[in-house]
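# Structure at a glance
Here is what each chain is made of, one letter per residue.
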Amino acid sequence: MRARDHRVYSLNRNPPGLANMSGIVIFDGVCNFCEGAVNFILRHESGDRLTFVPLQTSTGASMLRELGFDPEDAKTFVFVEGGEAYARSAATVRLARYLRWPWRALAAIWIIPRPLRDYGYNLVATHRYRWFGRKERCMIPAQDVRSRFVQD
(Lines give C-alpha, C1' and ligand atoms only; values in the text may rest on other atoms or scores of the structure.)
Protein backbone atom coordinates (compact mmCIF):
# COMPACT_ATOMS: atom_id res chain seq x y z
CA MET A 1 0.00 0.00 0.00
CA ARG A 2 1.11 3.51 -0.59
CA ALA A 3 2.57 5.54 2.24
CA ARG A 4 -0.36 7.96 2.28
CA ASP A 5 -1.77 8.14 5.74
CA HIS A 6 -4.73 10.34 6.59
CA ARG A 7 -7.63 11.39 4.44
CA VAL A 8 -6.36 9.05 1.81
CA TYR A 9 -9.28 9.52 -0.52
CA SER A 10 -12.94 10.30 -0.46
CA LEU A 11 -15.24 7.51 -1.50
CA ASN A 12 -17.81 8.59 -4.03
CA ARG A 13 -20.29 6.32 -2.31
CA ASN A 14 -20.36 3.51 0.18
CA PRO A 15 -20.87 0.13 -1.46
CA PRO A 16 -24.46 -1.20 -1.42
CA GLY A 17 -25.45 -2.31 2.07
CA LEU A 18 -22.86 -0.08 3.74
CA ALA A 19 -24.48 3.29 3.16
CA ASN A 20 -25.82 3.70 6.71
CA MET A 21 -22.73 2.56 8.60
CA SER A 22 -20.76 4.97 10.80
CA GLY A 23 -17.42 3.35 10.05
CA ILE A 24 -16.03 0.67 7.79
CA VAL A 25 -12.96 -1.35 8.73
CA ILE A 26 -11.17 -2.94 5.76
CA PHE A 27 -8.77 -5.54 7.16
CA ASP A 28 -6.63 -8.52 6.18
CA GLY A 29 -8.93 -11.47 6.82
CA VAL A 30 -6.18 -14.13 6.79
CA CYS A 31 -3.88 -12.35 9.25
CA ASN A 32 -4.05 -13.71 12.81
CA PHE A 33 -3.04 -10.35 14.29
CA CYS A 34 -5.71 -8.55 12.26
CA GLU A 35 -8.34 -11.08 13.32
CA GLY A 36 -7.35 -10.50 16.92
CA ALA A 37 -7.67 -6.74 16.41
CA VAL A 38 -11.15 -7.14 14.89
CA ASN A 39 -12.24 -9.35 17.79
CA PHE A 40 -10.85 -6.76 20.22
CA ILE A 41 -12.85 -4.02 18.49
CA LEU A 42 -16.01 -6.12 18.61
CA ARG A 43 -15.59 -6.73 22.35
CA HIS A 44 -14.86 -3.11 23.22
CA GLU A 45 -16.77 -0.91 20.80
CA SER A 46 -19.49 1.39 22.08
CA GLY A 47 -22.47 0.27 20.03
CA ASP A 48 -22.74 -1.72 16.84
CA ARG A 49 -21.78 1.07 14.47
CA LEU A 50 -18.92 -0.54 12.55
CA THR A 51 -18.90 -2.82 9.54
CA PHE A 52 -15.96 -5.11 8.77
CA VAL A 53 -14.81 -5.90 5.25
CA PRO A 54 -12.01 -8.42 4.64
CA LEU A 55 -9.74 -7.16 1.86
CA GLN A 56 -9.94 -10.67 0.36
CA THR A 57 -13.59 -10.09 -0.57
CA SER A 58 -14.47 -8.50 -3.88
CA THR A 59 -16.03 -5.56 -1.98
CA GLY A 60 -12.87 -5.07 0.10
CA ALA A 61 -10.54 -5.30 -2.88
CA SER A 62 -12.74 -2.95 -4.90
CA MET A 63 -12.88 -0.38 -2.09
CA LEU A 64 -9.09 -0.51 -1.66
CA ARG A 65 -8.52 0.01 -5.37
CA GLU A 66 -10.97 2.94 -5.39
CA LEU A 67 -9.04 4.43 -2.48
CA GLY A 68 -5.72 4.10 -4.29
CA PHE A 69 -4.37 1.03 -2.48
CA ASP A 70 -3.16 -2.23 -3.98
CA PRO A 71 -5.12 -5.09 -2.36
CA GLU A 72 -2.24 -7.46 -3.19
CA ASP A 73 0.18 -5.39 -1.08
CA ALA A 74 -1.90 -4.91 2.05
CA LYS A 75 0.26 -3.69 4.90
CA THR A 76 -2.35 -1.68 6.74
CA PHE A 77 -5.99 -1.70 7.54
CA VAL A 78 -8.12 1.12 6.21
CA PHE A 79 -10.81 2.86 8.21
CA VAL A 80 -13.52 4.70 6.29
CA GLU A 81 -15.58 7.26 8.17
CA GLY A 82 -17.91 9.77 6.59
CA GLY A 83 -16.55 8.98 3.15
CA GLU A 84 -12.97 9.75 4.23
CA ALA A 85 -10.42 6.96 4.38
CA TYR A 86 -7.58 6.70 6.91
CA ALA A 87 -4.67 4.26 6.99
CA ARG A 88 -1.92 3.15 9.38
CA SER A 89 -1.78 4.96 12.71
CA ALA A 90 -4.30 7.59 11.57
CA ALA A 91 -6.84 4.78 11.11
CA THR A 92 -6.08 3.52 14.60
CA VAL A 93 -6.60 6.98 16.11
CA ARG A 94 -9.94 7.46 14.29
CA LEU A 95 -11.14 3.97 15.15
CA ALA A 96 -10.32 4.36 18.86
CA ARG A 97 -13.13 6.92 19.12
CA TYR A 98 -15.60 4.07 18.59
CA LEU A 99 -14.36 2.13 21.63
CA ARG A 100 -15.67 2.23 25.20
CA TRP A 101 -13.64 3.77 27.98
CA PRO A 102 -10.77 3.17 28.86
CA TRP A 103 -9.87 1.88 25.37
CA ARG A 104 -11.07 5.13 23.79
CA ALA A 105 -8.00 6.72 25.37
CA LEU A 106 -5.92 4.99 22.69
CA ALA A 107 -6.86 7.93 20.47
CA ALA A 108 -4.40 9.98 22.54
CA ILE A 109 -1.55 8.47 20.52
CA TRP A 110 -2.23 11.31 18.07
CA ILE A 111 0.12 13.41 20.23
CA ILE A 112 3.01 11.21 19.06
CA PRO A 113 4.34 12.60 15.78
CA ARG A 114 2.85 10.70 12.86
CA PRO A 115 6.20 9.55 11.39
CA LEU A 116 7.06 7.92 14.71
CA ARG A 117 3.58 6.36 15.09
CA ASP A 118 3.72 5.05 11.54
CA TYR A 119 7.22 3.64 12.03
CA GLY A 120 5.92 1.45 14.87
CA TYR A 121 2.80 0.59 12.90
CA ASN A 122 4.81 -0.35 9.80
CA LEU A 123 7.19 -2.49 11.86
CA VAL A 124 4.32 -4.64 13.14
CA ALA A 125 2.55 -4.65 9.76
CA THR A 126 5.64 -5.82 7.91
CA HIS A 127 6.30 -8.71 10.30
CA ARG A 128 2.73 -9.64 11.31
CA TYR A 129 2.60 -12.93 9.38
CA ARG A 130 5.97 -14.07 10.73
CA TRP A 131 5.19 -13.02 14.32
CA PHE A 132 1.50 -13.95 14.54
CA GLY A 133 0.91 -16.30 11.59
CA ARG A 134 -1.76 -16.42 8.94
CA LYS A 135 -4.60 -18.67 7.90
CA GLU A 136 -5.44 -20.17 4.54
CA ARG A 137 -8.96 -18.70 4.60
CA CYS A 138 -10.58 -15.52 5.88
CA MET A 139 -11.85 -15.49 9.42
CA ILE A 140 -15.39 -16.72 9.93
CA PRO A 141 -17.18 -14.33 12.27
CA ALA A 142 -19.30 -15.61 15.12
CA GLN A 143 -23.01 -15.93 14.37
CA ASP A 144 -23.98 -12.98 16.60
CA VAL A 145 -21.84 -10.52 14.60
CA ARG A 146 -21.91 -12.12 11.15
CA SER A 147 -24.37 -9.53 9.81
CA ARG A 148 -21.74 -6.82 10.41
CA PHE A 149 -19.24 -8.49 8.06
CA VAL A 150 -19.24 -8.23 4.29
CA GLN A 151 -18.70 -11.71 2.87
CA ASP A 152 -18.65 -12.80 -0.78
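See the structure shown above.
Residues numbered from 1 in each chain as written. Predicted model: local features only at pLDDT ≥ 70, side-chain atom pairs only at ≥ 80, totals over all residues. Heavy atoms only, no water.

The next point concerns the side chain of T57. Checked against the element boundaries, T57 lands in the loop between strand 2 (50-54) and helix 2 (58-66). At 2.7 Å, the side chain of T57 forms a polar contact with the backbone oxygen of P54. From its side chain, T57 meets the backbone nitrogen of G60 in a polar contact 3.0 Å long. Among residues more than four places away in sequence, those in contact with T57 are V150, Q151 and D152. (Helix = DSSP H or I, 4+ residues; strand = E, 2+ residues; numbered from the N terminus. Polar contact = N/O pair within 3.5 Å; in protein donor to acceptor, adjacent residues only side chain to side chain. Contact = heavy atoms within 4.5 Å.)

What follows deals with the nonpolar core. The biggest cluster of nonpolar side chains holds 22 residues, and the ones touching the most others in it are F27, F52, F77, F79 and F149. Mapped onto this core, the elements with two or more residues apiece are strand 1 (23-27), helix 1 (32-44), strand 2, helix 3 (88-96) and helix 4 (114-132). Considering each element in turn, this core owes the most residues, 4 residues, to helix 1. Apart from the residues within four sequence positions on either side, F79 is in contact with G23, I24, V25, L50, E84, A85, Y86, A91, R94, L95 and Y98. Core analysis: the next-biggest nonpolar cluster, separate from the first, contains 14 residues, M63, A74, V78 and V80 among them. (Core = buried A, V, L, I, M, F, W, Y, C linked by side-chain atoms within 4.5 Å. Buried < 20%, exposed > 50% of the residue type's maximum accessible area, 1.4 Å probe, protein only.)

Moving on to the packing of helix 3 against helix 4. Relative orientation of the contacting elements helix 3 and helix 4 amounts to 100°, with a least axis distance of 7 Å. In terms of orientation, helix 3 lies roughly perpendicular with respect to helix 4. Where helix 3 approaches helix 4, its residues R88, S89, A90, T92 and V93 are matched on the opposing element by R114, R117, D118, Y121 and N122. Within the contact of helix 3 with helix 4, the residues separate by chemical class into 3 nonpolar, 3 polar and 4 charged. (Axes fitted to C-alpha atoms, helices over the stretch in contact; angles between N-to-C directions. Parallel < 35°, antiparallel > 145°, perpendicular 65-115°, else oblique. Nonpolar A, V, L, I, M, F, W, Y, C, P; charged D, E, K, R; others polar.)

In terms of burial, helix 3 is largely enclosed, as 7 of its 9 residues are buried. All buried positions along helix 3 are accounted for by R88, S89, A90, A91, V93, L95 and A96. Buried residues belonging to helix 3 abut strand 1, helix 1, strand 2, strand 3 (78-81), strand 4 (84-87) and helix 4.

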